Amino acid sequence: MAEDIFDLIIIGAGPGGYVAAIRAAQLGMRVAVVERNARLGGVCLNEGCIPSKALLDSSELFALARDKFSLHGIVIEPPRLDLAKMLARKDDVVKKLTDGVAFLFKKNKIALVQGTGRLQAPQNNEFHQVEVTPVRDLGLETREKNSDQGPGAGDREMQVLKGTRVLLATGSQPVELPFLPFDGKTIVSAREALSFESVPEHLLVVGGGYIGLELGSVWNRLGSQVTVVEMLPNLIPTSDGQVAEGLLRALKKQGFTFRMETRVTGATFAGGKLLVQVVSGDRKEEISCDRMLVAVGRRPLTAGLGLEALGVALDRSGRVSVDDKYQTSVPGIYAIGDLIAGPMLAHKAMEEGVVFAERLAGQASVVDYEFVPGIVYTWPEGASVGKTEEQLKQEKIPYAAGRFNFMGNGRARCMAETDGFVKVLAHQETGRVLGVHILGPRASDLIAEAVTVMTYGGSAADIAMTFHAHPTLSEALKEAALDVDKRAIHS
Ligand code: NAD
């Protein structure tokens with residue numbers, strides 16, 4: 001093969017694209033990645049999972065010091081917030097991780113090409129072409145960073161890359177309210193809500209999903225009054241009903257206000273405030289706020305990729321249709337992550353990146369979509385894997401439920417974090433675990449055990465008969481598994 005033809009060109013260096021690039025390079029492929037952003041890592045690293053968790057961790061410490069230290073017999077002056085420093089720490093966490101991805105690219109000899117990628121019509125049957133337009137307004141940092149980052153980096157001319165296969169991994173973008181578009185200052189998406197230069201007095205959040213509750217938590221802990229407007233009757237509508245209910249109660253206790261089954265219909269500016277009109281049933285009202293975070297979902301970022309011209313098929317919801325090897329309707333063009341069906345989660349995109357590359361190399365890898373964990377990083381955290389109780393009922397699958405409250409867990413008591421529970425749902429006849437739902441301290445880490453057990457087809461009895469060190473939060477999972485057969489010890 002000619003030297004200048006890549007085995008794989010990837011458009012987008014988010015969690016799907018960068019992981020696919022590294023795995024493909026490990027498997028011996030010659031890989032180029034086209035990325036228009038100054039920093040690698042996509043939305044997750046730059047304006048999603050990582051900066052939000054950095055702020056969630058910082059704000060949690062702030063709230064602990066303010067609200068809970070006294071419980072532990074620690075008497076301090078009320079803590080003061082240095083928001084600029086908190087934001088700078090968050091930016092530093094992001095920078096270190098994105099630099100880490102750049103290091104991994106170099107280590108794996110992945111060619112990084114800075115610019116916006118677009119598919120060109122193929123010139124022959126041997127390879128595909130990706131046109132890369134330089135981003136004209138890249139910041140200084142980008143120019144400096146890219147001076148030694150492989151072919152094309154630092155080159156401001158448009159160029160065309162040739163490759164035998166192309167992987168589309170451009171991710172997604174936030175959905176706007178059509179009648180209230182983002183203005184970047186008052187009506188904002190998560191990106192801006194990660195960097196407010198001062199704590200808003202009143203933050204209105206539209207959407208009681210992952211982003212709304214996580215960023216709402218950050219600003220609530222830092223002193224904002226937070227009102228969440230959610231159009232459905234439950235928070236995080238796909239989650240287990242008891243988790244959603246428990247979370248609603250816990251967040252209300254923390255000072256959140258919720259307007260459930262309520263829609264935003266418009267807004268006007270008056271006296272430096274945003275007056276937001278909301279409708280609930282036939283009741284109309286106006287809520288005054290300083291900022292409005294719109295977090296009503298995300299849509300796949302397919303625009304500008306040249307999909308129509310090539311005939312790459314989309315499904316009815318606008319996602320790219322792929323087969324089990326992630327190949328689109330056009331041979332040699334593939335897609336993963338938020339562009340295709342399934343939950344828009346970084347870990348789902350990462351798994352797809354690995355499996356895509358391994359299948360390209362002839363391996364028989366698969367993503368087990370039944371066991372994708374979902375986590376909301378509030379406090380208490382919510383974490384789920386598998387079927388919810390509502391789904392089991394709807395699908396008429398016979399099940400037994402075991403539940404254990406953190407109130408009965410020694411370690412949770414020591415931590416003074418007893419809100420929440422673990423619920424294990426197991427098949428009535430076989431005992432196989434069908435779903436695990438946790439609301440509680442560090443649920444995000446606890447769910448990993450459930451994912452492993454379920455992936456290997458384990459039963460509630462398997463969890464119950466396994467050692468869980470004492471005293472740990474993980475004992476709550478063991479007790480919930482025991483409770484499936486009504487033999488929990490501590491409840
Ligand atoms: P989401 O789908 O999690 O939640 C959107 C919420 O907005 C839903 O509850 C929905 O009912 C509500 N809604 C929709 N339109 C509305 C309207 N007009 N008025 C009021 N409520 C409305 O979406 P998100 O929070 O924007 O997150 C986007 C994506 O990012 C999700 O797919 C999510 O999986 C992902 N994400 C995940 C995490 C995590 O895993 N911890 C964190 C952040 C984002």
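Rules used in this analysis
- Residues numbered from 1 in each chain as written.
- Predicted model: local features only at pLDDT ≥ 70, side-chain atom pairs only at ≥ 80, totals over all residues.
- Heavy atoms only, no water.
- Near = heavy atom within 4 Å.
- Polar contact = N/O pair within 3.5 Å; in protein donor to acceptor, adjacent residues only side chain to side chain.
- Helix = DSSP H or I, 4+ residues; strand = E, 2+ residues; numbered from the N terminus.
- Domains from an automatic or database assignment.
- Buried area = accessible area lost by both parts, 1.4 Å probe.
- Salt bridge = Lys/Arg side-chain N within 4 Å of Asp/Glu carboxyl O.
- Nonpolar A, V, L, I, M, F, W, Y, C, P; charged D, E, K, R; others polar.
- Pairing = 2+ DSSP bridges.
- Axes fitted to C-alpha atoms, helices over the stretch in contact; angles between N-to-C directions.
- Core = buried A, V, L, I, M, F, W, Y, C linked by side-chain atoms within 4.5 Å.
- Buried < 20%, exposed > 50% of the residue type's maximum accessible area, 1.4 Å probe, protein only.
- Contact = heavy atoms within 4.5 Å.
- Phe/Tyr/Trp six-rings, centres within 6.5 Å; stacked < 30°, edge-to-face > 60°.
- Lys NZ or Arg CZ within 6 Å of the ring centre and 35° of its normal.
- Left-handed = near helix turned anticlockwise from the far one by under 90°.
- Parallel < 35°, antiparallel > 145°, perpendicular 65-115°, else oblique.

Novice: Would you take a moment to explain the site of the ligand for this structure?
Specialist: Residues in close proximity to the ligand total 21 residues, the closest being Ile-211, Glu-214, Glu-230, Gly-297 and Ile-375. Here an oxygen atom of the ligand and a backbone polar atom of Ile-211 are 2.8 Å apart. Examining the composition of the shell around the ligand, we find that 3 residues originate from one element, helix α7 (residues 210-221), more than from any other.

Novice: Please clarify how the domain arrangement of the protein chain should be interpreted in this entry.
Specialist: By a widespread convention, an interface's size corresponds to the accessible area lost as its parts come together. By the assigned domains, the protein chain splits into domain 1 (5-47 + 89-173 + 299-370), domain 2 (187-295) and domain 3 (380-483). Of the roughly 830 Å² buried between domain 2 and domain 3 on both sides combined, carbon and sulfur atoms contribute 54%. Of all residues in domain 2, Asp-240, Gln-242 and Val-243 bury the most surface against domain 3, accounting for 58% of the area lost on that side. For the interface between domain 2 and domain 3, the tally reads 2 salt bridges. Notably, a salt bridge pairs Lys-253 with Asp-419, separated by 3.6 Å at the nearest N-O pair. At the junction of domain 2 with domain 3, the criterion picks out 5 residue pairs in polar contact (both at pLDDT 80 or more). Partitioning the side of domain 2 that touches domain 3 into residue classes produces 3 nonpolar, 6 polar and 2 charged.

Novice: Any chance you could explain the sheet that holds strand β16 (residues 283-289) here in plain terms?
Specialist: Backbone hydrogen bonds hold the strands of a sheet together, and the pairing may be parallel or antiparallel. Reading across the sheet, the 3 strands line up as β14-β15-β16 and stay open at both edges, with antiparallel pairing between neighbours. At either end of the open sheet lies a strand with only one pairing partner, and these are β14 (263-270) and β16. Averaged over all neighbouring strand pairs, the angle between strand axes comes to 25°, with direction disregarded.

Novice: Whenever I open this one, the nonpolar core confuses me. Can you help?
Specialist: Where a protein is soluble and globular, its nonpolar side chains tend to be buried together. Within the largest apolar cluster, 55 residues are counted, with the highest numbers of intra-cluster contacts made by Ile-10, Val-31, Phe-105, Leu-168 and Phe-356. No other element matches the 7 residues that helix α1 (residues 15-26) contributes to this core. Sequence-distant contacts of Val-31, defined by excluding residues within four places in its chain, comprise Phe-6, Leu-8, Ile-10, Ala-21, Ala-24, Ala-25, Lys-109, Ile-110 and Ala-111. Counting 34 residues, the second largest nonpolar core, distinct from the first, contains Val-218, Leu-222, Phe-256 and Phe-258.

Novice: Honestly, the packing of aromatic side chains in this entry has me stumped. Any pointers?
Specialist: What characterises a pair of aromatic rings is the spacing of the ring centres plus the angle enclosed by the ring planes. Under the definition given, this model contains 3 aromatic pairs. Pairing Phe-196 with Trp-219 gives two aromatic rings, centres 5.2 Å apart and planes at 45°, and the pair type is tilted. Note that Phe-196 is positioned in the loop between α6 (190-193) and β11 (202-206) and Trp-219 in helix α7, a separation of 23 residues in sequence. Pairing Phe-256 with Phe-258 gives two aromatic rings, centres 5.6 Å apart and planes at 10°, and the pair type is stacked. Of the two residues examined, Phe-256 and Phe-258, each falls in the buried class. Of note, Arg-30 hangs over the ring of Phe-6, and the distance from its end group to the ring centre comes to 4.4 Å. Here Arg-403 stacks its cationic end above the ring of Phe-421, 3.9 Å away from the centre of that ring.

Novice: Sorry if this is basic, but what is going on with the pattern of salt bridges here?
Specialist: Opposite charge on two side chains allows them to pair when their charged atoms are near. Counted under the stated rule, the structure contains 20 salt bridges. Measuring nitrogen to oxygen at the nearest pair gives 3.4 Å for the salt bridge that ties Glu-60 to Arg-442. One end of the pair, Glu-60, is in helix α3 (residues 49-68); the other, Arg-442, is in the loop between β24 (433-440) and α13 (443-455), with 382 residues separating them in the sequence. With a relative accessible area of 31%, Arg-442 lands in the partly exposed category. Across the pair Lys-90 and Asp-91 runs a salt bridge, and its minimum N-O distance is 3.1 Å. For Lys-90, a relative accessible area of 3% translates into the label buried.

Novice: Looking at this structure, I do not really get the packing of α3 against α7. What am I missing?
Specialist: The axes of two packed helices give the description: the angle between them and the distance between them. At their nearest, the axes of α3 and α7 sit 9 Å apart, and the two run at 35° to each other. Judged by the twist between their axes, the crossing of α3 over α7 is left-handed. Where α3 approaches α7, its residues Ser-52, Lys-53, Leu-55, Leu-56, Ser-59, Glu-60, Phe-62, Ala-63 and Arg-66 are matched on the opposing element by Glu-214, Leu-215, Ser-217, Val-218 and Arg-221.

Novice: I keep staring at the sheet that holds strand β19 (residues 333-335) and nothing clicks. Help me out?
Specialist: Strand order across the open sheet formed by 5 strands is β4-β3-β2-β8-β19, with parallel pairing between neighbours. The sheet is open, and its two borders are formed by β4 (111-114) and β19, each paired with just one other strand. Averaged over neighbouring strand pairs, the angle between their axes works out to 20° when direction is ignored. Taken together, the 4 bridges between strand β2 (residues 8-11) and strand β3 (residues 31-35) define a ladder with parallel strand orientation.

Novice: Any chance you could explain the packing of α1 against helix α10 (residues 346-360) here in plain terms?
Specialist: At a minimum axis distance of 7 Å, the contact between α1 and α10 shows a crossing angle of 30°. Taken together, the axes of α1 and α10 are roughly parallel relative to one another. Crossing of α1 over α10 shows right-handed handedness. Contact residues: Pro-15, Gly-16, Tyr-18, Val-19, Ala-20, Arg-23 and Ala-24 in α1; Ala-346, Ala-349, Met-350, Gly-353, Val-354, Phe-356, Ala-357 and Glu-358 in α10.

Novice: Would you mind going over the pairing of β16 with me for this structure?
Specialist: Here is the key point about a regular strand: its side chains alternate between the two faces of the sheet. Of the pairings in the sheet, the one linking strand β15 (residues 273-280) to β16 comprises 7 bridges and is antiparallel in character. Bridging across to β16, Leu-274 finds its partner in Cys-289. Hairpin geometry of β15 and β16 is characterised by an intervening segment of 2 residues between the two adjacent antiparallel strands and by a positive phi of about 60° at Gly-281.

Novice: Just to check I follow, could you spell out the side chain of Asp-483 for this structure?
Specialist: Along the chain, the position of Asp-483 falls in helix α15 (residues 475-483). What makes Asp-483 buried here is its relative accessible area of 13%. Leaving out residues up to four positions away in the same chain, Asp-483 has contacts with Ala-401, Gly-402, Arg-403 and Ala-488.

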